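Per-entry structural report
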Amino acid sequence: MPIYEIVFYTFSLIMLGSAVAVISVRNPVYAALFLVLTFFSASAIWMLLEVEFLAIILILVYVGAVMVLFLFVVMMLDINVEPLREGFIRYLPVGLVVAALMAVQFLLVIWTKSRFGPEAFPAPPPNPQGFSNTQAVGEVLYTHYLLPFEVAGIILLVAIIAAVTLTHRHRSGAHRQNPSRQVQVQRDERVRLVKMKSEPRQEG
């Protein structure tokens, strides 16, 4: 077996094992660490498939930013996972249906390739000298898929606006700061002098 296939299957097994560990471990910190390992293994597979741009973006964005932030939040907050597990059995049928659909899709892909053979799925021609994967992705993204790209950007913008709106909605009992009023406060309003009578010292 060539070294290329050995490395590919090694990273694939690591990715599958870490993905299973993400949903099986009980500690959320361990789950986040296993998810980082899953992303890193997927990035390594993409590097083997000569998709360098997506591999680097996966490490920089998800592993280097999103997952590190999520990991720090999980470690700083004392999350009680017991209430989150209550009522989990209600979502089990939906999860089983989704898992069954994913399994059927994978089986269809495997069956199609085994039925028709490699002739139906010819390998792409090798890349020419000086080929840039990033340039190729940019050209395809901003020409053939410009409309879906813009629609995805609008959806993300709406999601950001909705998140900010839900965060700043009026809630009873919430304390808010008014910077303009804080700047206009005078010294007499900040400090209050309280006069108290002096008491004689008691000797024990």
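For the structure, see preceding data.
Computed from a prediction, not measured in an experiment: that's the story for all the values here. (Residues numbered from 1 in each chain as written. Predicted model: local features only at pLDDT ≥ 70, side-chain atom pairs only at ≥ 80, totals over all residues. Heavy atoms only, no water.)

Focus on the overall build of the chain
For the chain, the helix and strand inventory stands at nine helices and zero strands. Starting at the N terminus and ending at the C terminus, the chain contains elements arranged as α-α-α-α-α-α-α-α-α. Counting all 204 residues of the chain, 11% fall into the buried class. Contacts in the chain between residues far apart in sequence, at least 24 positions, make up 49% of those at least 6 positions apart. When the accessible surface of the chain is totalled, it reaches about 18100 Å², and 68% of it is carbon and sulfur. (Helix = DSSP H or I, 4+ residues; strand = E, 2+ residues; numbered from the N terminus. Buried < 20%, exposed > 50% of the residue type's maximum accessible area, 1.4 Å probe, protein only. Contact = heavy atoms within 4.5 Å. Areas by Shrake-Rupley, 256 points an atom, 1.4 Å probe, with all protein chains shown as cover.)

Some details on the packing of aromatic side chains
The relative placement of two aromatic rings is captured by the distance of their centres and the angle of their planes. Here the structure, examined in full by the defined rule, presents three aromatic pairs. On the numbers, 5.5 Å between centres and 75° between planes, the contact of Phe-8 with Tyr-9 is edge-to-face. Pairing Tyr-142 with Phe-149 gives two aromatic rings, centres 5.2 Å apart and planes at 70°, and the pair type is edge-to-face. A relative accessible area of 33% places Phe-149 in the partly exposed class. (Phe/Tyr/Trp six-rings, centres within 6.5 Å; stacked < 30°, edge-to-face > 60°.)

Observations regarding a nonpolar patch on the surface
Side chains of Met-47, Ile-56, Ile-57, Leu-60, Val-61, Tyr-62 and Val-66 sit close together on the surface and give an oily, nonpolar patch of about 600 Å² of accessible area. When residues in the nonpolar patch are grouped by element, the largest group, six residues, is from helix α3 (residues 52–76). Residue class for Tyr-62 comes out partly exposed when judged on its relative accessible area of 41%. (Patch = residues over 30% accessible without salt bridge, like charges linked within 9 Å, V, L, I, M, F, W, Y side chains within 5 Å. Salt bridge = Lys/Arg side-chain N within 4 Å of Asp/Glu carboxyl O.)

Structural notes on the side chain of Thr-38
Among the secondary structure elements, Thr-38 is positioned in helix α2 (residues 28–48). Sequence-distant contacts of Thr-38, defined by excluding residues within four places in its chain, comprise Met-15, Ser-18, Ala-19 and Val-22.

Overview of the packing of helix α1 (residues 3–24) against α2
At their nearest, the axes of α1 and α2 sit 8 Å apart, and the two run at 155° to each other. Relative to α2, the element α1 lies roughly antiparallel. The two elements α1 and α2 cross, and the hand of that crossing is left-handed. Touching Tyr-4, Val-7, Phe-8, Phe-11, Ser-12, Ile-14, Met-15, Ser-18, Ala-19, Ala-21 and Val-22 of α1 are Ala-31, Phe-34, Leu-35, Leu-37, Thr-38, Ser-41, Ala-42, Ala-44, Ile-45 and Leu-48, all from α2. In the contact of α1 with α2, the residues fall into 17 nonpolar, four polar and no charged. (Axes fitted to C-alpha atoms, helices over the stretch in contact; angles between N-to-C directions. Parallel < 35°, antiparallel > 145°, perpendicular 65-115°, else oblique. Left-handed = near helix turned anticlockwise from the far one by under 90°. Nonpolar A, V, L, I, M, F, W, Y, C, P; charged D, E, K, R; others polar.)

Observations concerning the nonpolar core
Among the nonpolar cores identified, the biggest contains nine residues, and these are Val-29, Ala-32, Phe-39, Ala-42, Leu-58, Val-63, Met-67, Leu-71 and Val-74. When contributions to this core are tallied by element, the ones reaching two or more residues are α2 and α3. (Core = buried A, V, L, I, M, F, W, Y, C linked by side-chain atoms within 4.5 Å.)

Interpretation in functional terms is not warranted from these geometric data alone.
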